[in-house]
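So the chains spell out like this:
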Amino acid sequence: MSGRTDSGTRVAEDFTATWAELAPTGLRADGGYDRFAWTPADLALRDWFRRAAARRDLALEEDGNGNLWAFWHGPEGPEGPRRVVATGSHLDSVPAGGAFDGPLGVVAGFLALDLLRRDRALPPGRSVAVACFVEEEGARFGLACLGSRLLTGAFQPARARELTDADGVTLAEAMAAAGADPSRLGADEARLAAIDAYVELHVEQGRRLVDLGAAVGIASGIWPHGRWRLRFAGEPNHAGTARLEDRRDPMLPFAEAVTAARVAAAVHGGLATVGRADVHPNATNGVAASVEAWLDARAPDDVALGAIVADVRARAGASAADHGVRIDMRQESATPAVVFDEGLRRRMAGALAPLAPQASHDAPGAPPWGGSVPEIATGAGHDAGILAARVPAGMLFVRNPTGISHSPAEAASVSDCVAGVEALARVLGELAWGLPTPSPGP
Ligand code: GLV
Ligand code: MN
Ligand code: MN
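Enquirer: Help me out: how do you make sense of the site of ligand 1 in this one?
Expert: Residues in contact with ligand 1, as listed here, are Glu136, Glu137, Arg298, Ala380, Gly381 and His406. A distance of 2.7 Å is found between an oxygen atom of ligand 1 and a side-chain nitrogen or oxygen belonging to Arg298. Within the backbone of Gly381, one N or O atom sits 2.7 Å away from an oxygen atom of ligand 1. Of the residues in the shell around ligand 1, the class split is one nonpolar, two polar and three charged.

Right, dumping it as structure tokens:
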């Protein structure tokens, strides 16, 4: 990508300073981040977002779902008919998460907007917005992309209010405790109708860009994926006296489910993970009473995804029957495959072509219509994938040298983040000035 220019140096300085502002919030002793929706860490990050908007004289809005929006309005201010080009991401994390998943897209959004504003004014009737979505990871209330699902009507507010965290606190209670009004949850059709495009920048969560030698890539789509909750109920007993044949040990079908997930993912060409489990009562010298576990499964298509889940269900069910354990396996969420808007991807590729003049049009991963920035699919979920059902949506990825994500090892170099900001600014510029805006009226 481009060599460091004066503008690039300024972006690098601004990026480093902004990153330092966020760095302490939610940081654990082990170097990971705990930034869960509506907790003190999240509230501090939301305040940071408000300050970042105020420093730039952006108009701040909080929608009924708690998603934050910072608007740069055209010359006539916030009044009148308006079309919106939006970017953004999320500030919450998984448990012990990395620094980049989410915050990079929000910070890049503000810095890209700064770049655009340095030498241009928006056309009348056009706004550019930076958004921050609530509970993207689903780490607290179990449902990923909760803020964007509610915004788009993909999840019902009554069910959302009843979602509980690990301590039994409902979303409604958590919002109320944070001073937000849970009765306002729900779809926001007017907000969606004004959005001409949403482009989310995100740290890459795998190794494709490393392998391709590219700092920035365009997302082609997202694999279908979902979460299933498995409950195994057995009988607690003494580890030193209960005969093996008398036991009803829920750990055994649980273990079978974990290995079945791994085997099924390999057989069907997808991914399946059991990364979360609660054992009750969690005693060293006792047969467990119950185990609750979560399966996260993803695949290139619905058939493969269905086959993975069916295999896990069958093997865990058979093992539970063998061991006299009751099993309950139910889907908690499902996200269909996403193919990002082809017209938007073409526009993005065209806008980014000048940033990589050295790359040829038939470079590995290049989009079929030309352009030198690679296109890659991902198995990770994103708010852009939820919004894609309602508005033209797209994504940019920034290279992650470790290829690791949802871990403190997640990384991106400052120069790649600057390349990402410059790429995002080009894309937003292409959309904000290139897409039709409403006529000014009589
Ligand atoms: C979100 O990062 C997800 O893919 O689970
Ligand atoms: Mn994530
Ligand atoms: Mn993310």
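Enquirer: What am I meant to see in the state of the cysteines here?
Expert: What makes a disulfide is a covalent bond joining the sulfur atoms belonging to two cysteines. Per the stated rule, a full pass over the model turns up zero disulfides. Take Cys145: it sits in no disulfide, and the sulfur closest to it among the cysteines is that of Cys132, at 13 Å.

Enquirer: Would you mind showing me how to read the coordination of the manganese ion (ligand 2) here?
Expert: Ideal geometry at a metal centre: 109.5 degrees between donors when four sit tetrahedrally, and 90 or 180 degrees when six sit octahedrally. For the manganese ion (ligand 2), every protein donor is listed as Asp101 (OD), Glu137 (OE), Glu137 (OE) and His406 (NE2), and the spread of their distances is 2.0 to 2.7 Å. Along the chain, the residues donating to the manganese ion (ligand 2) are arranged with the sequence spacing D-x35-E-x268-H. The manganese ion (ligand 3) is placed at 3.6 Å from the manganese ion (ligand 2), the two being bridged by Asp101. Here Asp101 is found in the loop between strand E3 (83-90) and helix H3 (103-119), whereas its partner Glu137 is found in the loop between strand E4 (126-133) and helix H4 (146-152), with 36 residues between them in sequence. Glu137 shares its class with Asp101; the two are buried.

Enquirer: When you look at the side chain of Thr87 in this model, what are you seeing that I'm missing?
Expert: With respect to the helices, strands and loops of the structure, Thr87 is situated in strand E3. With relative accessibility at 0%, the residue Thr87 sits in the buried group. Of the polar contacts made by the side chain of Thr87, one reaches the backbone oxygen of Val199; its length is 2.6 Å. If we ignore the near neighbours within four places in the chain, the residues touching Thr87 are Gly109, Ala129, Val130, Ala131, Tyr198, Val199, Glu200, Leu424 and Leu428.

Enquirer: What's the story with the packing of helix H11 (residues 342-352) against helix H13 (residues 414-434) in this structure? I'm lost.
Expert: Each pair of packed helices can be summarised by the angle the axes make with each other and by the distance between the axes. Interhelical geometry of H11 versus H13 gives an angle of 120° and a closest axis separation of 9 Å. Judged on the interaxial angle alone, H13 and H11 are oblique. The element H11 and its partner H13 pack so that their crossing is right-handed. On H13, the residues touching Leu344, Arg347, Met348, Ala351 and Leu352 of H11 are Ala423, Arg426, Val427, Glu430, Leu431 and Gly434. Within the contact of H11 with H13, the residues separate by chemical class into seven nonpolar, one polar and three charged.

Enquirer: Explain the coordination of the manganese ion (ligand 3) here, please?
Expert: The protein atoms that coordinate the manganese ion (ligand 3) are His90 (NE2), Asp101 (OD) and His202 (NE2), at distances spanning 2.0 to 2.2 Å. Mapping the donors of the manganese ion (ligand 3) onto the primary sequence gives the spacing H-x10-D-x100-H.

Enquirer: Sorry if this is basic, but what is going on with the packing of H3 against H13 here?
Expert: Contact geometry for H3 and H13: axes closest at 8 Å, N-to-C directions at 60°. Between H3 and H13, the interaxial angle falls into the category oblique. The chirality of how H3 crosses H13 is right-handed. Facing Leu104, Ala108, Gly109, Leu111, Ala112, Leu115 and Leu116 of H3, the residues of H13 in contact are Cys417, Val421, Glu422, Leu424, Ala425, Leu428, Gly429 and Trp433. Here the residues of the contact of H3 with H13 are counted per class, giving twelve nonpolar, two polar and one charged.

Enquirer: Honestly, the sheet that holds strand E12 (residues 326-335) in this entry has me stumped. Any pointers?
Expert: The strands making up a sheet associate through backbone hydrogen bonding, with each pair oriented either parallel or antiparallel. Pairing in this open sheet of four strands is antiparallel, and the strands run E9-E11-E7-E12 from one edge to the other. Unpaired on one side and paired on the other, strand E9 (271-280) and E12 mark the two borders of the sheet. Neighbour-to-neighbour, the strand axes of this sheet turn through a mean angle of 15°, independent of strand direction. Here strand E7 (residues 225-233) pairs with E12 via nine bridges, running antiparallel. By the bridge assignment for E12, Arg229 is matched with Arg330.

Enquirer: It is not clear to me how the packing of aromatic side chains should be interpreted in this structure. Could you clarify?
Expert: Describing an aromatic ring pair means giving the distance of the ring centres and the angle of the ring planes. Under the criterion given, the structure shown has nine aromatic pairs. Ring geometry for Trp48 versus Phe110: centroids 5.9 Å apart, planes at 85°, classification edge-to-face. Note that Trp48 is positioned in helix H2 (residues 40-55) and Phe110 in helix H3, a separation of 62 residues in sequence. Judged by relative accessible area, which is 3%, Trp48 ranks as buried. Taking relative accessible area as the criterion, Phe110 reaches 1% and is therefore assigned buried. Aromatic side chains Trp69 and Phe71 sit 6.4 Å apart centroid to centroid with 15° between the ring planes, which places their arrangement in the stacked category. An aromatic cluster is present here, built from Trp69, Phe71, Phe133 and Tyr198 joined pairwise through their rings. Across from the ring centre of Tyr33, 3.8 Å away, lies the NZ or CZ of Arg35, which sits over that ring. Over the ring of Trp433 we find Arg120, and its NZ or CZ is 3.9 Å from the ring centre.

Cut-offs and rules
Residues numbered from 1 in each chain as written. Chains lettered and ligands numbered in written order. Predicted model: local features only at pLDDT ≥ 70, side-chain atom pairs only at ≥ 80, totals over all residues. Heavy atoms only, no water. Near = heavy atom within 4 Å. Polar contact = N/O pair within 3.5 Å; in protein donor to acceptor, adjacent residues only side chain to side chain. Nonpolar A, V, L, I, M, F, W, Y, C, P; charged D, E, K, R; others polar. Disulfide = S-S within 2.5 Å. Donors = N, O, S within 2.8 Å, 3.2 Å for Na, K, Ca; no water. Helix = DSSP H or I, 4+ residues; strand = E, 2+ residues; numbered from the N terminus. Buried < 20%, exposed > 50% of the residue type's maximum accessible area, 1.4 Å probe, protein only. Contact = heavy atoms within 4.5 Å. Axes fitted to C-alpha atoms, helices over the stretch in contact; angles between N-to-C directions. Parallel < 35°, antiparallel > 145°, perpendicular 65-115°, else oblique. Left-handed = near helix turned anticlockwise from the far one by under 90°. Pairing = 2+ DSSP bridges. Phe/Tyr/Trp six-rings, centres within 6.5 Å; stacked < 30°, edge-to-face > 60°. Lys NZ or Arg CZ within 6 Å of the ring centre and 35° of its normal.

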